[in-house]
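Summary of structural features
One-letter residues, chain by chain:
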Amino acid sequence: MLHRRLSLSLLVTALHSFAGCKPSAPSEPAAPTVQPARPAESAREFRPALDESLRRIADALRQRAVEEDAAAPEAPHSPRRIAIGGVPAIDVVAARVGERWTVAAIEHDRVSLGLAGAERIYQLREQAQRPMSAAELARTVGVLLYYPYPVFDGTTWSDTPLSNQSTGRTSGAIPVLTPKPQGGRDLMFSFFIPNGMSGAGDHFAHIRVTDSTMLIDMAPNPERR
């Protein structure tokens, strides 16, 4: 009798164990949590007062001089805002520094000088899946790196303090982005140094655009300002 009760108990236990191992019916997928829409950082317009931009450019120039162990730069002045790049979160401002010009890409939390500014704009455009055409990239690099020299975008010469020197000029290299077998692309375009200035004449820019979204100047020259 005891043996029979033990057998019955074991059978009930086994049935309960089997029931516990049965796959449960698939549950309905949980409804995705909808996060409130937030504008991308690159879509938020940032246009500080020009005096504030001038102060931040001066700070960036001093920091660069310290890093390069160079003499302290002259104070920048005569700032002018330039509509270029197509990234609202970046304010592009040119300032006169002595006999030269410096152009910076200014954001809420950083200032990028020269080609680094063009690189920053390019990277944000890539992140936003808004790739830049050869002409647009040439205009952007041209302003950040070659200002005030006029740059040809394939149709017109850029508007700079020296643009009157290029009035009537209709020629220039059409900007091109050429893929390279080893990776990346080469950007080629032309800029013009007016007569009476060092290095006067037509020049070709050569910028390497890497797959990691870096911009590398492949043809530096001392006439750049």
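This text follows the structure it describes.
A brief structural summary. Computed from a predicted model, the values in this text were never measured in an experiment. (Residues numbered from 1 in each chain as written. Predicted model: local features only at pLDDT ≥ 70, side-chain atom pairs only at ≥ 80, totals over all residues. Heavy atoms only, no water.)

Considering the packing of aromatic side chains
The final tally for this structure, using the stated rule, is six aromatic pairs. Judged by centre distance (5.3 Å) and plane angle (85 degrees), the ring pair of Trp101 and Tyr147 falls under edge-to-face. Taken together, the residues span a long stretch of sequence, with Trp101 in strand β3 (residues 100–106) and Tyr147 in the loop between α4 (134–146) and β5 (176–179) at a distance of 46 residues. An aromatic cluster of three or more residues is present, and its members are Tyr146, Tyr149, Phe189 and Phe191. (Phe/Tyr/Trp six-rings, centres within 6.5 Å; stacked < 30°, edge-to-face > 60°. Helix = DSSP H or I, 4+ residues; strand = E, 2+ residues; numbered from the N terminus.)

Considerations on the pattern of salt bridges
Tallied over the full model, the rule gives 13 salt bridges. Glu107 is the salt-bridge partner of Arg120, the closest N and O atoms lying 2.8 Å from each other. With a gap of 13 residues between them, Arg120 in helix α3 (residues 115–127) and Glu107 in the loop between β3 and β4 (111–113) connect regions that are remote in the sequence. Residue classification places Glu107 among the buried residues on the basis of a relative accessible area of 6%. Where Asp153 meets Arg139, a salt bridge forms, and the shortest distance between an N and an O atom there is 3.0 Å. Of the two residues, Asp153 is situated in the loop between α4 and β5 and Arg139 in helix α4; the sequence distance between them amounts to 14 residues. Judged by relative accessible area, which is 14%, Asp153 ranks as buried. Classification of Arg139 as partly exposed rests on a relative accessible area of 33%. The network of salt bridges with shared partners includes Glu52, Arg55, Asp59 and Arg62. (Salt bridge = Lys/Arg side-chain N within 4 Å of Asp/Glu carboxyl O. Buried < 20%, exposed > 50% of the residue type's maximum accessible area, 1.4 Å probe, protein only.)

Section: the sheet that holds strand β7 (residues 201–209)
Sheet architecture is open: four strands sit in the order β5-β6-β7-β8, paired in antiparallel fashion. Each having just a single partner strand, β5 and β8 (215–217) make up the two edges of the open sheet. Taken over all neighbouring pairs, the strand axes of this sheet differ in orientation by 30 degrees on average, direction set aside. The pairing of β7 with β8 spans three bridges and is antiparallel. Across the sheet, residue Arg208 finds its bridge partner in β8, namely Ile216. (Pairing = 2+ DSSP bridges. Axes fitted to C-alpha atoms, helices over the stretch in contact; angles between N-to-C directions.)

Things to note about the pairing of strand β2 (residues 91–97)
Within β2, six of the seven residues are buried, which leaves it mostly tucked inside the rest of the structure. One ladder, built from seven bridges, connects β2 with β3; its direction is antiparallel. Within β3, the position partnered with Asp91 by the bridge is Ile106. The hairpin formed by β2 and β3 contains two residues between the paired strands, and Gly98 there has a positive phi angle of roughly 65 degrees.

Some remarks on the packing of α3 against α4
The interhelical angle for the contact between α3 and α4, taken along N-to-C directions, is 150 degrees, at an axis separation of 7 Å. Our classification of the angle between α3 and α4 gives roughly antiparallel. Relative to α4, the crossing made by α3 is right-handed. Every residue of α4 that contacts α3 at Leu115, Gly117, Ala118, Ile121, Tyr122 and Arg125 is listed here: Glu136, Leu137, Thr140, Val141, Leu144 and Leu145. The residue makeup of the contact of α3 with α4, split by class, is eight nonpolar, two polar and two charged. (Parallel < 35°, antiparallel > 145°, perpendicular 65-115°, else oblique. Left-handed = near helix turned anticlockwise from the far one by under 90°. Contact = heavy atoms within 4.5 Å. Nonpolar A, V, L, I, M, F, W, Y, C, P; charged D, E, K, R; others polar.)

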